[in-house]
Amino acid sequence: MTSRIVVIPTKRAHSNHAEVARSIGVDIIAGRHAEGARLPGDAELTATFGVSRPVLRESVKTLVAKGLLTTKARVGTVVRERGAWNMFDADVLAWHLDAGIDKRFLNDLAEIRLAVEPRAAVLAASRRTEEDVAELRRSMEHMRLEASNSAGFADADLALHVAVARASGNLFMRSIGHVIEAALRTSFLLSAPVEPADRDTVLLWHQKIVDAIAAGDAEAASGAMVYVIHNGMRRHEGTVIETATAEASVETGGAA
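The shown structure was predicted, so the numbers you read here are calculated from the model rather than taken from an experiment.

Student: Before we move on, could you go through the pattern of salt bridges and cite the residues and values that matter?
Tutor: Enumeration according to the criterion identifies 12 salt bridges in this entry. Of the charged contacts, one joins arginine 22 and aspartate 98 as a salt bridge, the two residues approaching to 3.2 Å between their closest N and O atoms. On the criterion of sequence distance, the pair formed by arginine 22 in helix α1 (residues 16-29) and aspartate 98 in helix α4 (residues 90-99) is long-range, its members being 76 residues apart. Arginine 22 sits in the buried class, given a relative accessible area of 10%. Across the salt bridge formed by aspartate 91 and lysine 66, the nearest N and O atoms sit 3.0 Å from each other. Linking aspartate 91 in helix α4 with lysine 66 in the loop between α3 (53-65) and β1 (69-72), this pair joins segments that are 25 residues apart in sequence. The network of salt bridges with common partners includes Glu19, Arg22 and Asp98.

Right, here's the structure in full:
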């Protein structure tokens, strides 16, 4: 995949202040309000959105709490630098999908997954219950039944990764998994293994995660998870990994 922006529309907000917050948030993330820039005044914004000042102020409070804005005396409301945004906030993630995600977003997502998911797989291998293993196998079966480029395949893929986080028994890992669900699902949709050989590789290595966790093999579970994430990153770049490459990695005991 190139650095082009891909827009994934999300659900609209249910209240006036939430919808105004979403609209301003998307504009900030899309760069229509630059970092360090001051937002238009209350009078202009209330006229633009057709809301009252209390509704606008509630919207601004929401964005301040999420790290996108700051309010300064005698200055006004200012857009904060990207590093201050709370990327684990479900709304902020959803607004990124609305604004359009690019290569940077997908790489950042993959990096946080590499920091968390292999360890979750290690813990799952030692803590999984029979119910956890059954859920992993159900997700795997659903992946096999769905077309590679379908929403059903992405949903089954997501369910498997969430099941690994749940099986880890670590509440923080479970929470992270649920918070980034929307971003992960989008990532899986964009990296769908369309080519038959690529689909075989994806299914093979997801099955290795399931089998390793079921067998209590922490090292194999972690290695398979690392491979799956890196393979997804390569597909975002437009590179297909052949099944033969995956098999060669098994023989050498390494994760590509």
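Still more to cover.
Student: Which residues make up helix α9 (residues 181-190), and what values do they have?
Tutor: For α9, the set of buried residues is Ala183, Leu184, Thr186, Ser187 and Phe188. Lining the buried residues of α9 we find α4, α5 (103-127), α7 (151-167) and α11 (218-236).

Student: Report on the pairing of β1, specifying residues and quantitative values.
Tutor: Side-chain positions along a regular strand alternate between the two faces of the sheet. As judged from the 4 bridges shared by β1 and strand β2 (residues 76-79), these two strands associate in the antiparallel manner. Opposite leucine 69, over in β2, you have valine 79 as the bridge partner. Counted between consecutive antiparallel strands, the loop separating β1 from β2 contains 3 residues, among which arginine 74 sits at a positive phi close to 65°.

Student: Before we move on, can you summarise the nonpolar core with the specific residues and values?
Tutor: Taken as a class, soluble globular proteins show a tendency for nonpolar side chains to be buried jointly. Grouped together as the largest cluster of nonpolar side chains are 29 residues, with contacts concentrated most on Leu136, Met143, Leu160, Val164, Ile209 and Ile213. Counting residues per element, the ones that place at least two in this core are α5, α6 (130-145), α7, α10 (196-215) and α11. Sorting elements by how many residues they give to this core places α10 first, with 7 residues. In this structure isoleucine 209 touches Val164, Ala224, Met225 and Val228, once residues within four positions along its chain are discounted.

Student: Can you tell me about the packing of aromatic side chains, naming the residues and giving the values?
Tutor: With the rule as written, the count across this model stands at 1 aromatic pair. An angle of 20° between the planes, with centres 4.0 Å apart, marks the rings of tryptophan 205 and tyrosine 227 as stacked. Placement of tryptophan 205 in helix α10 and of tyrosine 227 in helix α11 is noted, with a sequence separation of 22 residues between them. Taken as a pair, tryptophan 205 and tyrosine 227 share a single burial class, namely buried. The residue whose ring lies beneath lysine 208 is tryptophan 205, and the NZ or CZ to ring-centre distance is 5.6 Å.

Rules of the game
Residues numbered from 1 in each chain as written. Predicted model: local features only at pLDDT ≥ 70, side-chain atom pairs only at ≥ 80, totals over all residues. Heavy atoms only, no water. Salt bridge = Lys/Arg side-chain N within 4 Å of Asp/Glu carboxyl O. Helix = DSSP H or I, 4+ residues; strand = E, 2+ residues; numbered from the N terminus. Buried < 20%, exposed > 50% of the residue type's maximum accessible area, 1.4 Å probe, protein only. Contact = heavy atoms within 4.5 Å. Pairing = 2+ DSSP bridges. Core = buried A, V, L, I, M, F, W, Y, C linked by side-chain atoms within 4.5 Å. Phe/Tyr/Trp six-rings, centres within 6.5 Å; stacked < 30°, edge-to-face > 60°. Lys NZ or Arg CZ within 6 Å of the ring centre and 35° of its normal.

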